[in-house]
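Residue-level listing of the chains:
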Amino acid sequence: MLDLNRLKALHAVHVYGSVGAAADALTVTPSAVSQQIAKLEREMGARLVERNGRGVRLTDAAGLLAEHAERILALVETAEADFEAHRGEVVGRLNVSAFPTAARGIMPAALTALRGDHPDLWVQLTEREPERVVREVARGELDLGIVQDWLDRPMAMPEGLSKSVLLDDVADVIVPADHPLAGSREIELAQLHGERWISSSPGTVCHDWLVFTLRGADLEPEIACMADEYPTQLALVAAGLGCAIIPRLGRDHVPAGARVIPIRPRKTRRIYAIWRTDAARRPAIRAVVEALADASRSQENAWAVS
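Heads up: these notes are all about the structure in this document. Remember, it's a predicted structure, so these values are computed and weren't measured experimentally. Going along each chain's sequence as written, the residues are numbered from 1 onward. Per-residue local features of the predicted model are confined to residues with pLDDT of at least 70, and side-chain atom pairs are confined, for both listing and counting, to 80 or more; whole-chain, interface and lining totals are unaffected and use all residues. Side-chain descriptors were evaluated using all non-hydrogen atoms of the structure, hydrogens and water having been removed beforehand.

Considering the pattern of salt bridges
For this document, the term salt bridge refers to a Lys or Arg side-chain nitrogen within 4 Å of an Asp or Glu carboxyl oxygen. In this structure the tally under the stated criterion is 17 salt bridges. For Glu 229, the salt bridge identified is with Arg 104, shortest N-O distance 4.0 Å. With Glu 229 in the loop between strand 8 (222-226) and helix 9 (230-238) and Arg 104 in helix 5 (residues 100-105), this pair connects stretches of sequence that are 125 residues apart. For Glu 229, a relative accessible area of 38% puts it in the partly exposed group. Each residue is assigned to one of three classes by its accessible area relative to the maximum for its type, calculated with a 1.4 Å probe on protein chains only: buried under 20%, partly exposed between the two thresholds, exposed over 50%. You can call Arg 104 partly exposed: its relative accessible area is 31%. With its nearest N and O atoms 2.7 Å apart, the salt bridge here joins Asp 168 to Arg 270. Taken as a pair, Asp 168 in strand 6 (residues 161-176) and Arg 270 in strand 10 (residues 258-276) lie far apart in primary sequence, 102 residues in all. Look at the salt bridges and you will find they share partners, linking Arg 104, Glu 229 and Asp 252 into a network. In this text, helices come from DSSP runs of H or I with a minimum length of four residues, and strands from runs of E with a minimum of two, each type numbered from the N-terminal end.

Next comes the structure, spelled out in structure tokens:
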């Protein structure tokens, strides 16, 4: 009988193209993936991987088996979801991933609530960029993800995924305290012509959105510094090295050398949970989404009184 863990290892190599990338997706070592495939080769009596330079490639037989593995793993997930729905109990293990500011700003409260309400549920959290989260949820490597997009630049969502909006996160301009516009009640981006900017790394959602947004205001962005953590961006602004646009969820503390100015019209990113539609019957999925929604409402209430 075919072993599901060995099929999962083969399928991951098929999807990601290498043993190392498959190991990262499965959160195991490359050695563990290689061992599973070697055992599968012995079970099947056929060669499944071949050396290809410094890496490996799947044989034709392995490609055929990997296609079957995808269908088998999908059926197993459906069966597990149906069984959990039948029992109606919030139990088992969920792999959840969130982009960094959501992992810091939403997940701690949600995980604490889940641990108290559902002690037999184990949630493993990792950090991922939104595009990767979408891919891995769609492929079944993650059970649930927290992603973001901007209302003026929505993210495409593959078929077969469901989502629930958690939070609308407003972004503001951050300028040095001695900036001529630092005392403004609100600002239009066009007023910041000629400014230098602090940005996330190229290729990230936040960097691409910043460039898109500034160009939409007829501003050609001159990027002075790049940092992926918002506290670092705030420190760079406070040092007088440029301006930034930072969502409220990314601002735990604003340094004394920086000032926050609302943007007119508002710039808002939407944060939502995603999961495979076939898994929606799992009580564990519903419980995690509810906990995330409660944590998000608490965050919105905190902003309202601050």
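Section: the packing of aromatic side chains
Stacked, tilted and edge-to-face are the three classes applied to pairs of Phe, Tyr and Trp rings, where Trp contributes its six-membered ring and a pair requires centres within 6.5 Å; stacked means planes under 30 degrees apart, edge-to-face means over 60, and tilted covers the rest. Using the criterion set out here, one finds 1 aromatic pair in the structure. Note on Trp 150 and Trp 209: the rings are 3.6 Å apart at their centroids and 10° apart in plane angle, and the pair reads as stacked. Pair noted here: Trp 150 is in strand 5 (residues 144-150) and Trp 209 is in helix 8 (residues 205-216), with a separation of 59 residues, a long-range link. Here Trp 150 matches Trp 209 in class, with each residue buried.

What to know about helix 9
Listing the buried residues of helix 9 in full gives Tyr 230, Gln 233, Leu 234 and Val 237. When helix 9 is viewed along its axis, its buried side chains cluster within an angular range of 100° and face the same direction. By definition in these notes, contact holds between two residues if any of their heavy atoms fall within 4.5 Å. Residues of helix 9 that are buried in the fold lie against helix 5, strand 6, strand 7 (196-199), helix 8, strand 9 (244-247) and strand 10. Trailing helix 9 by a residue or two, Gly 240 shows a phi angle of about 85°, which is positive. As used here, the arc belongs to the directions running from the helix axis to the C-beta atoms.

So, unusual backbone geometry
Of note, the amide linkage connecting Arg 264 to Pro 265 takes the cis form, showing an omega dihedral of -5°. Relative to the elements of secondary structure, Pro 265 occurs in strand 10. Even without being glycine, Asp 218 reaches a positive phi, approximately 60°. Of note, Asp 218 is situated in the loop between helix 8 and strand 8.

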